[in-house]
Amino acid sequence: MQRVAKTVYGERAWGMISARLGNSNNRFKFNRNFWYKKEDEGYSFRRWLMEAKQARATSEDRFKSWNEARESFRQALQTVQKHQAKAVRVFGSLREHSLQVEALNKKRIEHNELARQRQQALEEHQHQERMLFRCQESVAEWKEITATLDKVKYGLWERLWKYKEFKAHRARYREAHIMLSEQLHEQTKANHRLNELQQRIRQWDSRLNDSTVKMNELQARVDELRQFIDQDRENTGRVVMDEAFWELSHDEKQKSTPWMTKKWAVARELLFLEALRLHEQFLFVAQPQIIGSFYEFPNLRTLFNTEEPEVIRAIWDIFTLAVPVVSTAFASVHSMFRGLGKESFGWLFIDEAGQAVPQAAVGAIWRAQKTVVVGDPKQIEPVVTLPESIFSNLQQHYGVNAAYASSKASVQTLADSANSQGTWLKDSWLGSPLWVHRRCDNPMFDISNEIAYYNRMVLDKRPPSSDMSRTFEDLGTSRWIDVCGEASSKQYVPQQGMEIVRFVNEAFTIMAVQNAESMLPDLFVITPFTAVKRNLIELLKQHYPHITKGYVSKSAYVRWLYRSVGTVHTFQGKEANVVVLCLGADLTQKPAVQWATFEPNLLNVAVSRAKHRLYVVGDKRLWMQYPNAKALVNRL
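Residues numbered from 1 in each chain as written. Predicted model: local features only at pLDDT ≥ 70, side-chain atom pairs only at ≥ 80, totals over all residues. Heavy atoms only, no water.

S.K.: Pulling in residues and values, what's your account of the overall build of the chain?
M.R.: If you tally the helices and strands in the chain, you get 26 helices and 13 strands. What you see for the chain is a C-alpha radius of gyration of 43 Å, clearly larger than the 26 Å of a compact globule of 636 residues, by over 25%. By principal-axis analysis of the C-alpha atoms, the chain measures approximately 155 × 80 × 60 Å. Looking at the chain as a whole, 41% of its 636 residues qualify as buried. Taking contacts inside the chain between residues at least 6 apart in sequence as the whole, the part at least 24 apart equals 73%. Separation of charge centres in the chain, based on 88 positive and 73 negative side chains, amounts to 2 Å. (Helix = DSSP H or I, 4+ residues; strand = E, 2+ residues; numbered from the N terminus. Rg over C-alpha atoms; globule rule 2.2 N^0.38 Å. Buried < 20%, exposed > 50% of the residue type's maximum accessible area, 1.4 Å probe, protein only. Contact = heavy atoms within 4.5 Å. Lys, Arg positive; Asp, Glu negative; His and termini not counted. Charge placed at Lys NZ, Arg CZ, Asp CG, Glu CD.)

S.K.: For unusual backbone geometry, give the residues involved together with the corresponding values.
M.R.: The omega torsion of the bond from asparagine 442 to proline 443 falls at 10°, within 30 degrees of zero and hence cis. Mapped onto the fold, proline 443 is located in the loop between strand S7 (436-437) and helix H17 (444-452). For serine 432, which is not a glycine, the phi torsion comes out positive at approximately 45°. Within the secondary structure, serine 432 is located in the loop between strand S6 (428-431) and S7. Owing to a relative accessible area of 41%, serine 432 belongs among the partly exposed residues under this scheme. Within the chain, tyrosine 454 stands out as a residue other than glycine whose phi angle is a positive 50°. Here tyrosine 454 lies in the loop between H17 and strand S8 (458-459).

S.K.: Can you tell me about the pairing of strand S3 (residues 345-350), naming the residues and giving the values?
M.R.: With 5 bridges joining them, S3 and strand S4 (residues 368-373) adopt parallel strand pairing. Considered in S4, the bridge of leucine 348 is made with threonine 371. Assessed by its sense of winding, the connection that carries the chain from S3 through helix H14 (residues 362-367) to S4 is right-handed. (Pairing = 2+ DSSP bridges. Right-handed = clockwise from strand over helix to strand, strands pointing away.)

S.K.: Could you give an account of the pattern of salt bridges, naming the residues involved and the relevant values?
M.R.: Applying the stated criterion across every chain yields a total of 27 salt bridges. Between glutamate 381 and lysine 408 there is a salt bridge, with the nearest N and O atoms lying 3.2 Å from each other. Taken together, the positions of glutamate 381 in the loop between S4 and helix H15 (388-398) and lysine 408 in the loop between H15 and helix H16 (411-418) put the pair 27 residues apart, joining distant regions of the chain. The exposure class of lysine 408 is partly exposed, given its relative accessible area of 43%. For the salt bridge of arginine 502 with glutamate 506, the shortest nitrogen-to-oxygen distance reads 3.1 Å. Taken together, the residues arginine 502 and glutamate 506, both in helix H19 (residues 494-514) and 4 residues apart, mark about one turn of the helix. What makes glutamate 506 partly exposed here is its relative accessible area of 23%. Overlapping salt bridges, with partners in common, bring together Arg226, Asp230, Arg233, Asp242 and Glu243 in one network. (Salt bridge = Lys/Arg side-chain N within 4 Å of Asp/Glu carboxyl O.)

S.K.: Give me the lowdown on the domain arrangement of the chain, citing residues and values where you can.
M.R.: Assigned domains of the chain: these are domain 1 (62-255) and domain 2 (443-635). The centre of domain 1, based on its C-alpha atoms, is set 74 Å off from the matching centre of domain 2. Contacts between domain 1 and domain 2 engage 4 residues on the former and 4 residues on the latter. A buried area of about 330 Å², summed over both sides, lies between domain 1 and domain 2, and 62% of it is on carbon and sulfur atoms. (Domains from an automatic or database assignment. Buried area = accessible area lost by both parts, 1.4 Å probe.)

S.K.: Can you break down the sheet that holds strand S10 (residues 523-527) residue by residue, with the values?
M.R.: What the 5 strands build is an open sheet, ordered S9-S13-S12-S10-S11; its pairing is parallel. Each end of this open sheet is capped by a strand with a single partner; those strands are strand S9 (479-482) and strand S11 (565-567). On average, adjacent strands in this sheet sit at an angle of 25° to one another, irrespective of strand direction. Relative to S11, S10 runs parallel, the two being bridged by 3 bridges. Residue valine 525 lies in a different strand from S11, and its bridge partner there is valine 565. (Axes fitted to C-alpha atoms, helices over the stretch in contact; angles between N-to-C directions.)

S.K.: Just give me the short version of the pairing of S10, but keep the residues and values in it.
M.R.: For S10, a buried count of 5 out of 5 residues is recorded, marking the element as mostly surrounded by other parts of the structure. Along S10, one buried face is formed by Leu523, Val525 and Thr527 and the opposite face, lined by Phe524 and Ile526, is buried too. Across 4 bridges, the pairing between S10 and strand S12 (residues 576-582) is parallel. Paired with leucine 523 across the strands is valine 578, a residue of S12.

Here you go:
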């Protein structure tokens, strides 16, 4: 299938992975290269199927390669499942570890409370012992007093003659017996209380022993889980989201890949390759049964009115065995997928979703079982020509808020609002934000991070190779090239145009000196304004002999111009080693400058197209009056 892919893509490829379809022109080109290509023009998929038929006819065991591919796929799948199971086990262990640590801490608190209560009972027991000792001393004292008083006897005549003395003796006698009785009662109470406390202390001791056993069991389990997690981390380098992970800096957390290991990642890649091989071998052995669907695929548009939807879907299902991914713009979804009903295909990936109005995606989402929405609301917004008054009337009539019907609403903003996992970026909710940036060097990264993302982004980019660096190093460091002048055609400033000519000429000269494989520099000339783009292309065409010096054909040069010079809106999703941002405008066109800088989106896209160098050509005094453009001035 690599030979087929080379024919379709026009360059060497490792697999037949995707097809650029959509509008009729793209479909025609694909069908011509994929199916109708003549033998002397390339290697088509039809030729591959014919050769498969011949190979099957001459093969002794036509299912041998299929069985081998199936077994290899199963083994690759089992390997991935083992890695996945290990990751699930580590995750479960970490979760259990967290729960066990929580239980251990709770048990320690309970144990400490038991120990406190036991200590309190022990102190009360000691207090009761002292009270009992005092009671015993008092009882002994009063027993001695009562015994002494009992020895004193008064006869009848003595009671009469010594009445006062006898009366006083009787009073002391009664008082002594009362006090003795009271102390005996207190002694009994103290003994009873001591027995209660002794029983409670024995209960505390038993509970403390049980608690100690439980704590030891919990600690042993915690240690066992921690040892397993640490051993796995040491063996695999796996990043787990434990307490230490959350103590990392924002940058360190974002750059990590929790749960994944290098071996697991490699195993998944091998599984993907084995899946492609399995598809290829299935197509090989099932050639007689499927070839008809490929003959019909180029004629799908004529089959919509004559065939049942099940037939259309079957043709698509068989086609995607050979080409798993197809791309299209939303405008072509209806015509290309006509005949496919609800949830007809498995996955829909919407790229640059921040540019798409919500209603444009409805048909594609309806046909998909699952949808992944990828985009950046801080880049180019949807181009909407309806006035805000119409959106206001729609909101009132249908009772919906601006999040669903406004010039700012996009597929991305709606997907973000439906995503419970995300964060607030000032007053905007971002669903599942990916903070790590791997395209731009500084200062481009710092500029975008400052004006659009409130410095939340994280840079994780490898330096370019020496061979690549040589193609742009001689242009110098990123900088602002201050060029003033009067605009002659809307926002186009001729002096800035000549600076662009000089710069492009220098870039082509460097490529010629380097004797690069491609004489065309990896360079974009971007501008916010259509008038500037149009005049720049015409100017650069006029300077073709001076710029290329004959090293590049005019047709190739003109194709490069239309591919490399344009407005910001046409470059979203693209990148180049070098970007020259031609701002245009003069002091009489401040409304145009304000339009380009009021929101950070436009400048953010322009700046972030540059991987290694950014050169801004414009009137610094004019543009630095506006906050988002001022960041460019300060950083450059």
